[in-house]
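What follows is the residue order along each chain.
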Amino acid sequence: MRTATVLLAIALAMFIPTPFILANASFEASMGVVSKIFYFHLPSAIAFLLFAFVSGIASVVFLVRQSKTADHVAVAAAELAVVCGLITLVTGPLWARKAWGTWWVWEARLTSSLVVWMLLTAYLLLRRFGGAGSEMLAAAVSIFGMALVPFVYWSVNLWRTMHPLTSVIPTLPPEMARPALWCVGAFFSLYAGLLLVRVRLSRAAAALEDAYIALEDL
């Protein structure tokens, strides 16, 4: 819990000056102030794919070893992936409307991102309403979502669509790269801290459920 507290404290300390940093950050000439959506879209998109991958790996460990800890991590990571994915899917069209003149294009990156988000949402619905034994099926869904993550990342390089290539990030000018990296660090500190807190809550809930079962057997 101490690690989670430290991470959340770091996130708070970084978020306090963030509005001032973004207010003075440069923006893309043709898009104007709307381009500052990028500073929220980028860290959320990275976290979305990262947590989808973490949930899938934890699900593999759960299926192989029947580890409750891995199961708790899979659920926590999936929940955060769904939240980050929703932020990504909302901020993306806001950017697209200004940059491309349309809210949505059924291109490879956008469509595959939506599919991964829907799979992780299905994973959480299975865990909540699937009944006894649904953990195994839900884990398979999470693994399938994880398998799509590399495709989501490389799709813009395989098919030259309207979405920027992966090579655009390293080529950002310093006046845009610095606030972008600051936001990535702030959001990741927040998300990592929330992941640890959520895993701890899952462990406590499981222990409480085991205690109730033990009392019923007395």
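This report concerns the structure included in the present document. (Residues numbered from 1 in each chain as written. Predicted model: local features only at pLDDT ≥ 70, side-chain atom pairs only at ≥ 80, totals over all residues. Heavy atoms only, no water.)

1. Side note on the overall build of the protein chain
Counting its secondary structure elements, the protein chain contains seven helices and zero strands. Ordering the α and β elements of the protein chain from the N terminus gives α-α-α-α-α-α-α. The dimensions of the protein chain, computed from C-alpha atoms along their principal axes, are 70 × 40 × 25 Å. Put simply, the protein chain has 218 residues, and 39% of those count as buried. Across the protein chain, the 14 positively charged side chains and the 10 negatively charged ones have centroids separated by 11 Å. (Helix = DSSP H or I, 4+ residues; strand = E, 2+ residues; numbered from the N terminus. Buried < 20%, exposed > 50% of the residue type's maximum accessible area, 1.4 Å probe, protein only. Lys, Arg positive; Asp, Glu negative; His and termini not counted. Charge placed at Lys NZ, Arg CZ, Asp CG, Glu CD.)

2. What about the packing of aromatic side chains?
The final tally for this structure, using the stated rule, is eight aromatic pairs. Ring centres of Phe 40 and Phe 187 lie 6.3 Å apart, and the angle between their planes is 75°; this geometry places the pair in the edge-to-face category. One end of the pair, Phe 40, is in helix α3 (residues 38-65); the other, Phe 187, is in helix α7 (residues 174-216), with 147 residues separating them in the sequence. Judged by its relative accessible area of 38%, Phe 40 is partly exposed. Chaining the aromatic ring pairs together yields one cluster made of Phe 15, Phe 40, Phe 51, Phe 187 and Tyr 191. (Phe/Tyr/Trp six-rings, centres within 6.5 Å; stacked < 30°, edge-to-face > 60°.)

3. Regarding the packing of α3 against helix α4 (residues 68-99)
At a minimum axis separation of 7 Å, α3 and α4 run at an interaxial angle of 155°. One finds that α3 runs roughly antiparallel with respect to α4. Crossing hand, α3 versus α4: left-handed. Of the residues in the contact of α3 with α4, the class split is 20 nonpolar, eight polar and one charged. (Axes fitted to C-alpha atoms, helices over the stretch in contact; angles between N-to-C directions. Parallel < 35°, antiparallel > 145°, perpendicular 65-115°, else oblique. Left-handed = near helix turned anticlockwise from the far one by under 90°. Nonpolar A, V, L, I, M, F, W, Y, C, P; charged D, E, K, R; others polar.)

4. Observations concerning the side chain of Glu 107
Secondary-structure assignment places Glu 107 in the loop between α4 and α5 (108-129). Buried within the structure, Glu 107 lacks any salt-bridge partner; Arg 109 is the closest side chain of opposite charge, at an N-O distance of 6.0 Å. A distance of 3.3 Å separates a polar side-chain atom of Glu 107 from the backbone nitrogen of Leu 110. Apart from residues lying up to four places away in sequence, Glu 107 is in contact with Thr 161, Met 162 and His 163. (Salt bridge = Lys/Arg side-chain N within 4 Å of Asp/Glu carboxyl O. Polar contact = N/O pair within 3.5 Å; in protein donor to acceptor, adjacent residues only side chain to side chain. Contact = heavy atoms within 4.5 Å.)

5. Examining the environment of Leu 196
Residue position: Leu 196 is located in helix α7. The sequence separation of Leu 196 and Trp 103 amounts to 93 residues, and the corresponding C-alpha distance is 35 Å. Discounting residues that sit within four places of it in the chain, Leu 196 has contacts with Thr 3, Ala 4 and Leu 7.

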